[in-house]
Each structure stands twice: as C-alpha cells, then as structure tokens.
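# Residue-level structure breakdown
One-letter residues, chain by chain:
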Amino acid sequence: MSFRNFKMVSYVVYGRGSFNQLDEILAPQRKTDAPIIFLVDHFFEGRPLLNRIPLRGKDKIIFADVSYEPKTTQVDALATQLKNEFGTISGIIGIGGGSVMDLAKAVSLMMTNPGSSADYQGWDLVKFPGVYKAGIPTLSGTGAEVSRTTVLTGPTRKLGMNSDFTPFDQIVLDPELTRDAPVNQRFYTGMDCYIHCIESLEGTFLNEFSKSYGEKALQLCQEVFVKKDRWNNESDDQLMMASYAGGMSIAYSQVGVAHAVSYGLSYLLGTKHGIGNCIVMNHLEEYYPAGVKEFKHMVEKNGIEIPGGICKGLTDEQFDTMINVSLGMKPLWENALGKDWEKIMTREKLRALYGKL
C-alpha cells in the first residue's frame with residue numbers, strides 16, 4: 001500500500017473511576033468456562049487495587065515481576081502455563097506500566113500463534129489474532145496502551161512484535177490508578193513520553209498525523225514537568241493523556257536516537273526503558289539541542305538524579321553487542337538521521353556515545 005493502514009485500539013474508556021466499569025466491559029468477552037487472566041504489576045501485591053478486580057468463575061490474577069523488562073522466555077512460559085492449566089482463556093488484562101502491558105499483549109498473541117515469541121520479533125510476522133486483550137495503565141508515559149508493538153528482549157536482540165494483531169482491543173484510562181506511583185518512576189516514564197515527542201517531531205518521517213498528536217503530548221508534558229511547582233490530580237490527568245497522544249505520535253512516524261541507543265543498554269545491562277532513555281537523552285545535544293536543554297531543566301527542577309557511568313568497565317565485546325542491537329533498529333535511525341544514516345552513525349561514533357553513558 002502507498003499509505004500505511006494503521007490499526008488502532010478498538011475501544012477506549014477515559015475518566016476518573018472508570019476502572020469500576022471493568023466488570024461490565026469484560027462481561028461480553030467471557031466464553032463459557034474459559035477464564036479471564038489479570039496480569040498485574042507485582043507492585044500491587046497486597047494493595048487495595050486487587051480487591052477491585054472483578055474476578056468471576058475460574059478467573060485468575062497472575063503477578064508479573066517487572067524488575068526487568070519482558071523477555072521472550074517469560075512470555076513463552078506464561079503462555080504455556082495458561083494453555084496447560086486452562087486450554088484456552090477468554091482474555092488477558094494487563095494492569096500496570098508499559099512492561100506489564102507489553103507482556104499482556106505478547107501472551108495474548110502466543111495463545112494462538114505457534115512456536116516462540118522470539119520468532120515474531122520484527123515487523124508483521126504475527127500470523128493470527130491473539131485472544132482478547134485489554135490494557136489498564138497504572139503509570140503514564142510509555143504509550144504501550146496504544147502502540148502496535150510489544151517490546152521484548154529475546155535470545156539475540158531486543159525488538160518488538162510489531163503487527164496489526166498487537167494493539168489492545170480495549171484500554172481503560174483511569175488517572176486515579178497512577179496517583180500512588182513512585183516519584184522517580186513517574187518521572188522516568190513521563191520522560192519516555194517527552195522523548196517520544198522530541199524524536200517524532202524532529203524526525204524525517206514527520207507528517208501532520210504525527211505532528212498533531214506530538215505537539216499536544218509535548219505541551220502536556222511541559223505543563224506537568226516545566227510549568228507546575230507541585231503534583232496534583234490534574235497532573236495525573238494530563239500525563240495520562242500525554243502518554244496516549246505521545247504513543248499515537250510515533251504510530252505514524254518513529255522514535256529516534258535515544259530509543260535506538262537505549263535498546264542496546266536494555267539488552268546488555270537490563271536497564272529499564274524509561275531510565276535508559278533518560279541516561280541516553282542526557283548526552284544527545286548534537287541531535288536534539290533544544291529538547292536536551294529542556295530535558296536537563298526538567299531533571300533539575302524535579303530533583304531527579306540521572307545515573308551515569310553505567311558503561312564504565314565494559315569489554316570491547318560487550319560494547320559490540322550493544323552496538324549491534326542498536327544498529328539493528330534501522331527505522332529509528334532513518335527517522336532520526338535520514339536515508340544516509342549509516343554514513344552518519346558509524347560504529348565508531350556509536351561506540352564513543354556509549355562510552356559517555
């Protein structure tokens with residue numbers, strides 16, 4: 001096709017307290033005895049949110065340990081566990097941050113597609129629709145609630161299952177759920193959204209679709225992290241919509257240098273996505289001068305410390321591993337630097353950049 005036919009989330013509900021409608025939303029999706037699986041961020045173990053999850057029949061809560069970002073082995077193990085225990089399920093609901101939502105999307109797909117999730121890391125490799133899946137963010141910024149990918153670390157690379165079958169069938173955007181997020185984590189995921197905007201708006205793939213969403217998301221990020229002196233309910237509302245719009249802004253374009261470089265950090269060192277992007281963004285004045293200047297202002301204003309020296313002491317072989325993963329993200333580099341990006345971002349230049357982190 002000359003123009004990309006973009007698959008979006010089928011249903012969206014937004015508003016404070018909208019989580020309370022979950023039972024009603026899920027009722028039409030239930031199939032006889034097949035349960036609904038609630039994949040919940042382990043942060044919520046023992047917390048009141050669990051008592052609000054509408055369990056019926058054989059429904060089950062599974063806690064997802066997201067100390068590290070999702071791995072293909074974790075996805076495959078969960079899908080196998082559910083097939084062995086239930087045969088089939090009515091759906092899977094991801095409640096948490098970007099990692100939990102990505103995990104839910106991936107497990108949904110692996111309930112119906114053969115082999116390993118590692119077989120589907122790439123673009124448009126997934127063959128069959130997954131089981132019903134819904135995403136409920138409890139952190140705002142990643143855009144995982146609207147994206148057509150589920151980012152996974154596999155045996156040889158970190159790469160998403162990018163397909164038209166990946167987006168959620170339903171998302172529930174309830175800003176009340178983000179209220180108790182840890183301050184540092186909230187900032188890192190918020191900056192993931194901010195960086196989405198900068199990379200999209202300054203990329204070579206930019207178009208009016210991406211620009212419209214990106215400009216709004218950027219404005220909301222600036223309201224929250226630049227203009228306000230304290231966090232309030234409105235901040236949660238604004239950042240949740242910034243996340244949605246930021247995710248949409250890259251749907252018809254791409255991200256850029258920060259994401260491409262942070263993928264290497266995540267693959268080798270297990271650095272989580274939000275903080276990895278922040279570590280990289282701190283050193284990208286050459287590519288996004290205005291964005292980096294504002295980013296550093298937000299870091300200082302919000303009293304956040306960005307780690308440094310995480311690549312100190314790595315071997316040449318380890319640097320090569322990160323470089324290989326990063327350079328494999330070709331659409332990201334092309335968006336950032338144009339069609340001749342390989343002449344600009346040489347292995348030597350990327351090695352020097354990793355050496356600063």
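Residues numbered from 1 in each chain as written. Predicted model: local features only at pLDDT ≥ 70, side-chain atom pairs only at ≥ 80, totals over all residues. Heavy atoms only, no water.

## With respect to the overall build of the protein chain
Counting its secondary structure elements, the protein chain contains 13 helices and 9 strands. A compact globule built from 357 residues should have a C-alpha radius of gyration of about 21 Å, and the protein chain, at 20 Å, falls within 12% of that. When burial is assessed residue by residue, the protein chain has 57% of its 357 residues classed as buried. Considering only intrachain contacts with a sequence separation of at least 6, the fraction spanning at least 24 residues in the protein chain is 76%. As presented, the protein chain carries roughly 15100 Å² of accessible surface, and 51% of it is formed by carbon and sulfur atoms. Across the protein chain, the centroid of the 37 positively charged side chains sits 1 Å from that of the 41 negatively charged ones. (Helix = DSSP H or I, 4+ residues; strand = E, 2+ residues; numbered from the N terminus. Rg over C-alpha atoms; globule rule 2.2 N^0.38 Å. Buried < 20%, exposed > 50% of the residue type's maximum accessible area, 1.4 Å probe, protein only. Contact = heavy atoms within 4.5 Å. Areas by Shrake-Rupley, 256 points an atom, 1.4 Å probe, with all protein chains shown as cover. Lys, Arg positive; Asp, Glu negative; His and termini not counted. Charge placed at Lys NZ, Arg CZ, Asp CG, Glu CD.)

## As for empty space enclosed by the protein
Evaluation of the coordinates by the stated rule reveals 1 cavity of 30 Å³ or more. What the largest cavity holds in volume is close to 40 Å³. (1 Å grid on protein atoms, 1.4 Å probe; cavity = no way out; pocket = protein on both sides within 12 Å on 5 of 7 lines; lining within 4 Å. Points joined across faces, edges and corners; volume = space filled by probe spheres on them.)

## As for helix H11 (residues 330–337)
All of the buried residues in H11 are Leu332, Trp333, Asn335, Ala336 and Leu337. On its buried side, H11 packs onto helix H4 (183–201), helix H7 (257–269), helix H10 (316–327), helix H12 (341–344) and helix H13 (347–356).

## As for the packing of helix H2 (residues 72–86) against helix H3 (residues 98–110)
Close contact between H2 and H3 brings their axes to 9 Å; oriented N to C, the two are set at 55°. Taken together, the axis directions place H2 and H3 in an arrangement best described as oblique. At the point where H2 passes H3, the crossing takes the right-handed sense. In contact with Gln74, Val75, Asp76, Leu78, Ala79, Leu82 and Lys83 of H2, H3 contributes Leu103, Ala106, Val107 and Met110. When grouped by side-chain class, the residues that make up the contact of H2 with H3 number 8 nonpolar, 1 polar and 2 charged. (Axes fitted to C-alpha atoms, helices over the stretch in contact; angles between N-to-C directions. Parallel < 35°, antiparallel > 145°, perpendicular 65-115°, else oblique. Left-handed = near helix turned anticlockwise from the far one by under 90°. Nonpolar A, V, L, I, M, F, W, Y, C, P; charged D, E, K, R; others polar.)

## What to know about the sheet that holds strand S4 (residues 91–96)
Strand pairing within a sheet occurs via backbone hydrogen bonds; the two strands may be parallel or antiparallel. Reading across from one edge, S1-S9-S6-S4-S2-S3 is the order of the 6 strands in this open sheet, with parallel pairing throughout. Edge positions in the sheet fall to strand S1 (11–14) and strand S3 (60–64), since each of these pairs with one other strand and no more. If you compare each strand with its neighbour and ignore which way they point, the axes differ by 15° on average. Relative to strand S6 (residues 132–137), S4 is paired through 6 bridges, and the arrangement is parallel. Within S6, the position partnered with Gly91 by the bridge is Tyr132. In the packing of H3 onto the sheet, the strands contacted are strand S2 (36–41), S3, S4 and S6, and the crossing angle to S4 comes to about 170°. Sheet strands in contact with helix H6 (residues 233–251) are S1, S6 and strand S9 (170–173), and its direction is about 155° off that of S9. (Pairing = 2+ DSSP bridges.)

## Examining the nonpolar core
Core analysis: the largest hydrophobic core is formed by 58 residues, its most contacted members being Leu284, Trp333 and Tyr354. Ranked by residue count, the leading element in this core is H4, at 8 residues. Leu39, Val131, Met161 and Phe168 belong to the second largest nonpolar core, which has 36 residues in total. (Core = buried A, V, L, I, M, F, W, Y, C linked by side-chain atoms within 4.5 Å.)

## Here we look at the pattern of salt bridges
Within the structure shown, the criterion is met by 17 salt bridges. Of the charged contacts in the structure, one is a salt bridge between Lys228 and Glu234, with a shortest N-O distance of 2.8 Å. Relative accessible area serves as the criterion here: at 42%, Glu234 is assigned to the partly exposed category. Between Asp316 and Arg351 there is a salt bridge, and its shortest N-O distance comes to 3.4 Å. With a gap of 35 residues between them, Asp316 in helix H10 and Arg351 in helix H13 connect regions that are remote in the sequence. A relative accessible area of 31% means that Arg351 is categorised as partly exposed. Taken together, the shared-partner salt bridges connect Asp124, Arg148 and Asp164 into one network. (Salt bridge = Lys/Arg side-chain N within 4 Å of Asp/Glu carboxyl O.)

## Here we look at the side chain of Thr178
Among the secondary structure elements, Thr178 is positioned in the loop between S9 and H4. Residues in contact with Thr178, not counting those within four places in the same chain, are Pro137, Thr138, Leu139, Ser140, Asp236 and Met240.

## Quick notes on the packing of H4 against helix H9 (residues 289–301)
In contact at an axis separation of 11 Å, H4 and H9 are set at 165° when each is read in the N-to-C sense. The angle between the axes of H4 and H9 places the two elements in the roughly antiparallel class. Considering how the two elements wind past one another, H4 and H9 form a crossing that is right-handed. Together, Phe187, Met191, Tyr194 and Ile198 of H4 and Gly291, Glu294, Phe295, Met298 and Val299 of H9 make up the contact between the two elements. Here the contact of H4 with H9 is built from residues that sort into 7 nonpolar, 1 polar and 1 charged.

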